[in-house]
Amino acid sequence: MIEGIGLDKALMAAQSMGQSVIEASAIIAVIVFLVWTVKLAME
Amino acid sequence: MEGQKLKKQALTKNDGKFSNLFWYAVAFSAIFSVWAVMNPTSLTTTLWGLIYKFHDNFNWLVISMPLIICILSFALAFSKYGQIKLGKKDEKPEFSTASWLTMLFTAGLGVGLVNFGVAEPLVHYLSSPLGLPGGFDKVTAAKNAMALTMFNWGIPAWAIYTISGLVIGYFTYHRGAKFLPGTPIEEGFKDKKWGKGLGSLTNILAAGASALTLAASIGLGVFQVKNALKAVFNWELAGVQSSLIILLFIFLSYTIPAISPINKGMKIIGDINIYLVIGVLIFTFVIGPTRFFMGSILTTFGETIKTIVPLGFNVYLFQDRGWFNDWPLTTLVWWVSWTPFLGIFIARISKGRTIKQIVLASIIIPTLFIIIWFSVFGGFGLLNDIAGDGSIAKYIAENPNDVYLSFIMVLQQLPAFNIIGLIFIALVVIFLATTATSAAISLSMMTSNGVENAPPYRTFIWCIIMVTIASANVVTGTLNGVKAVAVFLGVPYMFILFLQIAGMIRQMRKDYKEGAL
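Please read all numbers here as calculations on a predicted model, not as lab measurements. (Residues numbered from 1 in each chain as written. Chains lettered and ligands numbered in written order. Predicted model: local features only at pLDDT ≥ 70, side-chain atom pairs only at ≥ 80, totals over all residues. Heavy atoms only, no water.)

K.L.:
Tell me what's going on with the overall build of chain A, and back it up with residues and numbers.
P.N.:
A count of helical and extended segments in chain A gives one helix and zero strands. Split into buried and exposed, the 43 residues of chain A put 12% on the buried side. A total of about 3,300 Å² of accessible surface is found on chain A, and carbon and sulfur atoms cover 76% of it. (Helix = DSSP H or I, 4+ residues; strand = E, 2+ residues; numbered from the N terminus. Buried < 20%, exposed > 50% of the residue type's maximum accessible area, 1.4 Å probe, protein only. Areas by Shrake-Rupley, 256 points an atom, 1.4 Å probe, with all protein chains shown as cover.)

K.L.:
Account for the nonpolar core, naming residues and giving values.
P.N.:
All names here are of chain B. By size, the foremost hydrophobic cluster in this structure holds 194 residues, and its most contacted members are Tyr254, Trp373, Phe377, Leu411, Phe424 and Met504. A total of 19 residues in this core trace back to one element, the largest contributor, which is helix H20 (residues 479–513). Tyr254 has contacts with Ile218, Ala433, Ala436, Thr437, Cys463, Met466 and Val467, leaving out every residue within four places of it along the chain. (Core = buried A, V, L, I, M, F, W, Y, C linked by side-chain atoms within 4.5 Å. Contact = heavy atoms within 4.5 Å.)

K.L.:
Please set out the pattern of salt bridges residue by residue, giving values where relevant.
P.N.:
Once the charged atoms of two side chains with opposite charge are near each other, the side chains can pair. Under the counting rule described, the total for this entry stands at 17 salt bridges over all chains. Between Glu43 of chain A and Lys39 of chain A there is a salt bridge, with its nearest N and O atoms 3.9 Å apart. We classify Lys39 of chain A as exposed; its relative accessible area is 53%. The shortest N-O distance in the salt bridge between Glu186 of chain B and Lys196 of chain B comes to 3.6 Å. Taken together, the residues Glu186 of chain B in helix H9 (residues 183–188) and Lys196 of chain B in helix H10 (residues 195–233) connect sequence positions ten residues apart. The structure contains a network of salt bridges with shared partners spanning Lys39 and Glu43 of chain A together with Asp191, Lys192 and Arg506 of chain B. (Salt bridge = Lys/Arg side-chain N within 4 Å of Asp/Glu carboxyl O.)

K.L.:
Kindly report on unusual backbone geometry, identifying the contributing residues and their values.
P.N.:
Residues and elements named next belong to chain B. Of note, Asn234 is a non-glycine position whose phi angle comes to about 65°, a positive value. Relative to the assigned elements, Asn234 resides in the loop between H10 and helix H11 (240–259). Notably, Phe318 is not glycine yet its phi reads approximately 65°, a positive angle. One can find Phe318 in the loop between helix H13 (290–312) and helix H14 (321–349).

K.L.:
Can you break down the environment of Trp60 of chain B residue by residue, with the values?
P.N.:
Structurally, the position occupied by Trp60 of chain B is in helix H3 (residues 40–77). Contact partners of Trp60 of chain B, with chain neighbours within four places excluded, come to Ile27, Val30, Ile31 and Leu34 of chain A together with Val315 of chain B. Within the structure, Trp60 of chain B has its side chain in polar contact with the backbone oxygen of Asn57 of chain B (distance 2.7 Å). (Polar contact = N/O pair within 3.5 Å; in protein donor to acceptor, adjacent residues only side chain to side chain.)

K.L.:
Help me get a handle on the confidence of the model for chain B, residues and values and all.
P.N.:
Residues with a pLDDT of 70 or more make up 96% of chain B, whose mean pLDDT is 88. The complex prediction reports pTM at 0.88, with the ipTM value standing at 0.85. (pLDDT = per-residue confidence, 0-100.)

K.L.:
Can you lay out the side chain of Asn273 of chain B for me, pointing to particular residues and giving the numbers?
P.N.:
Residues and elements named next belong to chain B. Counting through the fold element by element, Asn273 comes out in helix H12 (residues 265–287). Looking at Asn273, its side chain comes within polar contact range of the side chain of Thr434, at 2.8 Å. Once residues within four sequence positions are removed from consideration, Asn273 is found in contact with Thr106, Leu427, Ile430, Phe431 and Thr434.

K.L.:
Explain the interface of chain A and chain B to me, and be specific about the residues and the numbers.
P.N.:
Listed per partner, the contact involves 14 residues of chain A and 15 residues of chain B. The junction of chain A with chain B conceals about 1,300 Å² of combined surface from both sides, 71% of it contributed by carbon and sulfur atoms. Applying the counting rule to chain A against chain B returns three salt bridges. When grouped by side-chain class, the residues that make up the side of chain A that touches chain B number ten nonpolar, two polar and two charged. (Buried area = accessible area lost by both parts, 1.4 Å probe. Nonpolar A, V, L, I, M, F, W, Y, C, P; charged D, E, K, R; others polar.)

K.L.:
Explain helix H19 (residues 456–476) of chain B to me, and be specific about the residues and the numbers.
P.N.:
Given 3.6 residues to a turn, an α-helix orients residues that are three or four positions apart in the same direction. With 21 residues, H19 of chain B extends 30 Å between its outermost C-alpha atoms, agreeing within 8% with the 30 Å of an ideal straight helix rising 1.5 Å per residue. For H19 of chain B, the set of buried residues is Arg458, Thr459, Trp462, Cys463, Ile465, Met466, Val467, Ile469, Ala470, Ser471, Asn473 and Val474 of chain B. (Expected span 1.5 Å × (residues − 1).)

K.L.:
Explain helix H4 (residues 97–109) of chain B to me, using residue names and the numbers behind them.
P.N.:
Between its first and last C-alpha atoms H4 of chain B spans 18 Å; for 13 residues at 1.5 Å apiece the expected length is 18 Å, and the two agree. For H4 of chain B, the tally of buried residues reaches eleven of 13 residues, placing the bulk of the element in the interior.

K.L.:
How would you sum up the packing of helix H7 (residues 138–153) of chain B against helix H15 (residues 355–386) of chain B? Please name residues and give values.
P.N.:
All names here are of chain B. With their axes 11 Å apart at the nearest point, H7 and H15 run at an angle of 150° to one another. When the axis of H7 is compared with that of H15, the two are roughly antiparallel. The way H7 lies across H15 gives a crossing that is right-handed. Touching Lys138, Ala142, Met146, Thr149, Met150 and Trp153 of H7 are Ile370, Ile371, Phe374, Ser375, Gly379, Leu382, Asp385 and Ile386, all from H15. Its residues placed into classes, the contact of H7 with H15 shows nine nonpolar, three polar and two charged. (Axes fitted to C-alpha atoms, helices over the stretch in contact; angles between N-to-C directions. Parallel < 35°, antiparallel > 145°, perpendicular 65-115°, else oblique. Left-handed = near helix turned anticlockwise from the far one by under 90°.)

K.L.:
I'd like a description of a nonpolar patch on the surface, backed by residues and values.
P.N.:
Residues and elements named next belong to chain B. On the surface, Phe301, Ile305, Ile364, Ile365 and Leu368 cluster together into a nonpolar patch covering about 430 Å² of accessible area. The leading source of residues in the nonpolar patch is H15, at three residues. Along the chain, Ile305 turns up in helix H13. (Patch = residues over 30% accessible without salt bridge, like charges linked within 9 Å, V, L, I, M, F, W, Y side chains within 5 Å.)

K.L.:
Go over the packing of aromatic side chains, please, and point to the residues and values.
P.N.:
Pairs of aromatic rings are described using the distance from one ring centre to the other and the angle between the two planes. All names here are of chain B. Applying the stated criterion to the full structure yields 40 aromatic pairs over all chains. Between Phe54 and Phe495, the aromatic rings sit 6.3 Å apart at their centres with planes inclined by 85°, giving edge-to-face as the arrangement. With Phe54 in helix H3 and Phe495 in helix H20, this pair connects stretches of sequence that are 441 residues apart. Under the relative-accessibility criterion, Phe54 is labelled buried at 10%. For Phe495, a relative accessible area of 18% corresponds to the buried category. Between Trp153 and Trp335, the aromatic rings sit 5.0 Å apart at their centres with planes inclined by 75°, giving edge-to-face as the arrangement. Of the two residues, Trp153 is situated in helix H7 and Trp335 in helix H14; the sequence distance between them amounts to 182 residues. The exposure classification of Trp153 matches that of Trp335, with both residues buried. Its guanidinium or amino end placed over the ring of Trp100, Arg353 lies 4.3 Å from that ring's centre, counting from NZ or CZ. (Phe/Tyr/Trp six-rings, centres within 6.5 Å; stacked < 30°, edge-to-face > 60°. Lys NZ or Arg CZ within 6 Å of the ring centre and 35° of its normal.)

Right under this line is the structure:
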């Protein structure tokens, strides 16, 4: 039933997108942390 | 005078009781140790999964981190801050330069020099994208393997250790703060609300990480000694009893120097260690193919200089992730996981030395020695594959998770193996003892409210805790769990190290402006 309407593919795509967003957020957070650390050192 | 008296009284008072940090650190180590014993598979799978996830997303940070730290260290050394002395302006170094370098070197390198002296170049030769799988001919693959080994063991590793010592040393000896890993954060960011809390958290993480890292090393040491006894004397030591007897020997070998005064215990064991290391090196150099070794040393030296920058900015895009995760990235994080106690130890032995002296000596001299060591032993292993029977490379290819025997295989090819094999066993035990001694001293200082000379009985308690964790894992055969924890803790500590460095630079700039330098 789910396969029939392509919901499984949509779920998989959403899951993959969710993971990408989490990983990208983590990378951006670390970059922000590094910039913040440099700023702290230079204060 | 009054201030000195008060400080002395405070320290004496604190010496008499356990700081809260002691109990937190014990609880922290206990949770992971129990988890490691009860459910090693779940712990190992969970933590390695997280470590690999971290490597996949942050390989760009891990691989470039040591070079950035190295550039920063040299910039500090040659800046106006380079002349800052860890201690009073007229303070003389507590240890002679030779003893200082010996202690620094033996505590920092540890038994890995023996475990991976032959194996590491061969692993890169056999499985890295710059080795045979990358389509390189044997000679180029061998050269690349040495360059990769030097990247993991040379300047990058020592830059990480050096900065971890400097951040503690600056605050303790220059500003009179406590010998605690959290001090650079607590003192450097005194005006920030989060400074104190994060400093305390750092102390707990550092003490727990140190105890677990060392327990893993001691536990592994038991199996290494067993392997060595089998190879040298053909003693088949199966069963828990023999493991516990070896563990007892290791325990005594690090506890006796740890509870002795540092200028006796640690100095003597460090000296014995360096004599044995140099003895084995000279023996192999003279008895083995000396002409080849000279060429190998020069080539490795050249490759190290030529490749250090490109390798620090290479994340092997579109290439094998398994090797990259398991070797360069894990090794670099592993060095970071050693910094909580090595930083304290390096700071403790570097009193009376300037930042410039510490940076130059502790990065350049150990790296030069490592070039010679790997050129001889690793070079021998590579030579065996290119011009010999290839038995060592074959063994490593067939036993990728148990490469430690490769060092003995090299020694077995030399004459008088019975004697050199015995020295090899002594070397393994002494290396473990030296590292465990420095860790017990550092742990004791950390959990004695950061005093310079912690009471021996507290050091003794840490010696007992480390051997207890190790024995639980040896008996249950669950060492991989503790090993995974030790590597895993290096990840958060890397970010702490960045903050510690920022705290130190911030404080230096402030002190300079206020004319306190």
